[in-house]
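Overview (structure and organization)
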Amino acid sequence: MSRSVRTRPEGSGQALSEAYDTALLDLDGVVYAGGNAIAHAVESLATARKGGMRLAYVTNNALRTPDTVAGHLTELGIPTGAEDVITSAQAVARLISEQVPQGARVLVIGGEGLRVALRERGLVPVESADDDPAAVVQGFGGPDLPWGRFAEASYAVARGVPWFASNTDLTIPSGRGIAPGNGAAVEVVRIATGAEPQVAGKPLPPMHRETILRTAAQRPLVVGDRLDTDIEGAFNGEVDSLLVLTGVTDGAQLLAAPPQHRPTYVDADLRGMLGGQPDVVETGEGGFRCGGWTATAGADRLELDGEGEALDGLRALCAAAWTAAGEGVCELDGEKALARLGL
């Protein structure tokens, strides 16, 4: 199916929590960072839920079980059941179960979240390449995952055992900064074997399928902080998305986003779910206006005039950059314009 290229963030006269029936929320960088709730997250989610929006938490982090994630969210003041949590471990376990016999052994390189998800699908987790596994699955194992686990995966994959990965996020946000993610660990095995895994997590279809199967969402809104997982996943699933600027994506990355990484809406944090979104209007002079700001694409740079809310300026700049780039990546210098917005 062909899709038109997004050239500006969209507006909404209706609160997003009313326009969509289900929020498919990423966790790290959206709801919490380093285990602590991000500012305004708890109150915003409570208000959205009270208004009738279903909240589902969709994470590429395969380390923790849905029960553990739900318990953590509840402790933060966000009442959550295990059925409200969808993980890449669940998505990859379903993918494996469709390709190996019931009761097959699966070599696990990762944490308890993977083991629980495999058992849910009738598969048997094992620890060694010598346990005759029918598949190898790799997921985020946390900072204490022993180096020898990568060797164990490499031995099995080199023998021709099918290799699966929960996700390939190269980084993961933490309370101390950005840390290596499961994608970095997958690269270790890839280098050792030359093989390519089947990947289930965002932005790929198995994760979106798992999410829709478990939530039965009719009008979902993907809410995330990463362009290459959350926003691209929404693009691949042909659903709308809200990018929040509380995680890894900054203004420069947003301006340079190719079509599959351009969100439907942009806001500072989860408070953006509770209201409408301002329109970005073409001025007719090659510029785009949002709020009190007007942005244009010059010969070699993005230009910004006006005053007002910084986010309105960013939205206008996105329109100028994305329109100039078309289906490519904007190469115009937007540093000065972003600095004016404090972004």
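What comes next is a walk through the structure. (Residues numbered from 1 in each chain as written. Predicted model: local features only at pLDDT ≥ 70, side-chain atom pairs only at ≥ 80, totals over all residues. Heavy atoms only, no water.)

The strands making up a sheet associate through backbone hydrogen bonding, with each pair oriented either parallel or antiparallel. Strand order in the open sheet made by the five strands is E7-E6-E8-E9-E12, with parallel pairing throughout. Only two strands of the sheet have a single neighbouring strand rather than two, namely strand E7 (124–126) and strand E12 (198–199). In this structure, strand E6 (residues 105–109) lies alongside strand E8 (residues 135–138), joined through four bridges in parallel fashion. Each residue of the ladder has a partner; that of Val106, found in E8, is Ala135. Running at roughly 155° to strand E9 (residues 163–165), helix H4 (residues 88–97) makes contact with E6, E8, E9 and E12 of the sheet. (Pairing = 2+ DSSP bridges. Helix = DSSP H or I, 4+ residues; strand = E, 2+ residues; numbered from the N terminus. Contact = heavy atoms within 4.5 Å. Axes fitted to C-alpha atoms, helices over the stretch in contact; angles between N-to-C directions.)

The contact between helix H6 (residues 148–158) and helix H7 (residues 182–193) brings their axes to 9 Å, and the two run at 45°. The angle between the axes of H6 and H7 places the two elements in the oblique class. Crossing of H6 against H7: the hand is right-handed. Contacts between H6 and H7 involve Phe150, Ala153, Ser154, Val157 and Ala158 from the former and Ala185, Val188, Val189, Ala192 and Thr193 from the latter. Counted by class, the contact of H6 with H7 contains eight nonpolar, two polar and no charged residues. (Parallel < 35°, antiparallel > 145°, perpendicular 65-115°, else oblique. Left-handed = near helix turned anticlockwise from the far one by under 90°. Nonpolar A, V, L, I, M, F, W, Y, C, P; charged D, E, K, R; others polar.)

On to the sheet that holds strand E19 (residues 302–306), then. Pairing is antiparallel across the open sheet formed by four strands, whose spatial order is E16-E17-E18-E19. With one partner strand each, in any of the chains shown, strand E16 (281–282) and E19 form the two edges of the open sheet. As judged from the two bridges shared by E16 and strand E17 (residues 287–290), these two strands associate in the antiparallel manner. Across the sheet, the residue bridging to Val281 is Arg289, located in E17.

Turning our attention to the side chain of Glu232. Mapped onto the secondary structure, Glu232 falls in helix H9 (residues 227–237). Separated by 2.8 Å, the side chains of Glu232 and His261 make a polar contact. In this view, Glu232 contacts Pro203, Leu227, Gln260 and His261; residues no more than four positions away in its chain are not counted. (Polar contact = N/O pair within 3.5 Å; in protein donor to acceptor, adjacent residues only side chain to side chain.)

The analysis is restricted to geometry; functional conclusions fall outside its scope.
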